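Inside the fold
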Amino acid sequence: MVLVAAFRSDRGASRLLLTQALEGGFTLLASVPLMIEYEAVVTRPEHLEAANLSEPDAQAVLDAVAVVAEPVRLAFLWRPMLPDVDDDMVLETAINGQADMLVTLNRRDFKPAVGLFGVDIVSPAEAVVRLRRTR
């Protein structure tokens, strides 16, 4: 999960993407189920410890993400499409939100389904490069 990677390391493309999203550098899409999943995963003790954050600190960042994210109503569910149901949630948010790209650290599992919907699947590093080109 890119958001977990952004929390756990202050370096790298995932953190840069989180920072840019919070600064309005691009439109981040989020659905209610996806935000609930983010909260459940990011606030796990092992992630908080690795990030050296308290749960309230992590929650504050998640609240900021919720403020800047464009809410996506899940009008259509496309389950099951992927091996992991949590990945289905990400895919559904991208499709229903008409995303230009889906950023993931797990390209292999997304690739078959994403090709059907015309959404580019990219790594965090590729997303950073693309965002730099559009500026």
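Coordinates for the structure precede this section.
A brief structural summary. (Residues numbered from 1 in each chain as written. Predicted model: local features only at pLDDT ≥ 70, side-chain atom pairs only at ≥ 80, totals over all residues. Heavy atoms only, no water.)

The next point concerns helix H8 (residues 124-133). All buried positions along H8 are accounted for by Pro124, Ala127, Val128 and Leu131. Buried residues of H8, viewed axially, fall in a sector of 100°; they line one side. Its buried side turned inward, H8 meets helix H1 (2-8), helix H2 (13-22), strand S3 (101-103) and strand S4 (120-122). (Buried < 20%, exposed > 50% of the residue type's maximum accessible area, 1.4 Å probe, protein only. Helix = DSSP H or I, 4+ residues; strand = E, 2+ residues; numbered from the N terminus. Arc of directions from axis to C-beta. Contact = heavy atoms within 4.5 Å.)

The subject of this paragraph is the layout of surface pockets. In this model, the largest pocket occupies a volume close to 950 Å³. In terms of lining, the largest pocket is formed by 35 residues, of which the most central are Leu28, Tyr38, Val90, Leu102 and Val103. For the lining of the largest pocket, the elements supplying multiple residues, two or more each, are H1, H2, helix H3 (32-42), helix H6 (85-96), S3 and H8. Tallying contributions element by element places H6 first for the lining of the largest pocket, with 6 residues. By residue class, the composition of the lining of the largest pocket is 23 nonpolar, 7 polar and 5 charged. (1 Å grid on protein atoms, 1.4 Å probe; cavity = no way out; pocket = protein on both sides within 12 Å on 5 of 7 lines; lining within 4 Å. Points joined across faces, edges and corners; volume = space filled by probe spheres on them. Nonpolar A, V, L, I, M, F, W, Y, C, P; charged D, E, K, R; others polar.)

Turning next to the pattern of salt bridges. Summed over all chains, the structure comprises 3 salt bridges. In this structure, Glu126 engages Arg107 in a salt bridge whose closest nitrogen and oxygen atoms are separated by 2.7 Å. Placement of the pair is Glu126 in helix H8 and Arg107 in helix H7 (residues 107-117), with a sequence separation of 19 residues. Arg107 sits in the partly exposed class, given a relative accessible area of 31%. Between Asp120 and Arg130 there is a salt bridge, and its shortest N-O distance comes to 3.0 Å. (Salt bridge = Lys/Arg side-chain N within 4 Å of Asp/Glu carboxyl O.)

Bringing the nonpolar core into the picture now. Leu3, Phe7, Tyr38, Val42 and Leu62 are the most contacted members of the largest nonpolar core, which has 17 residues in total. If you list the elements that add at least two residues to this core, you get H1, H3, helix H4 (45-51) and helix H5 (55-68). Ignoring anything within four residues of it in the chain, the contact list for Tyr38 reads Met1, Leu3 and Leu62. In terms of nonpolar packing, the next biggest core, distinct from the first, is built from 13 residues, Leu29, Leu102, Phe110 and Ile121 among them. (Core = buried A, V, L, I, M, F, W, Y, C linked by side-chain atoms within 4.5 Å.)

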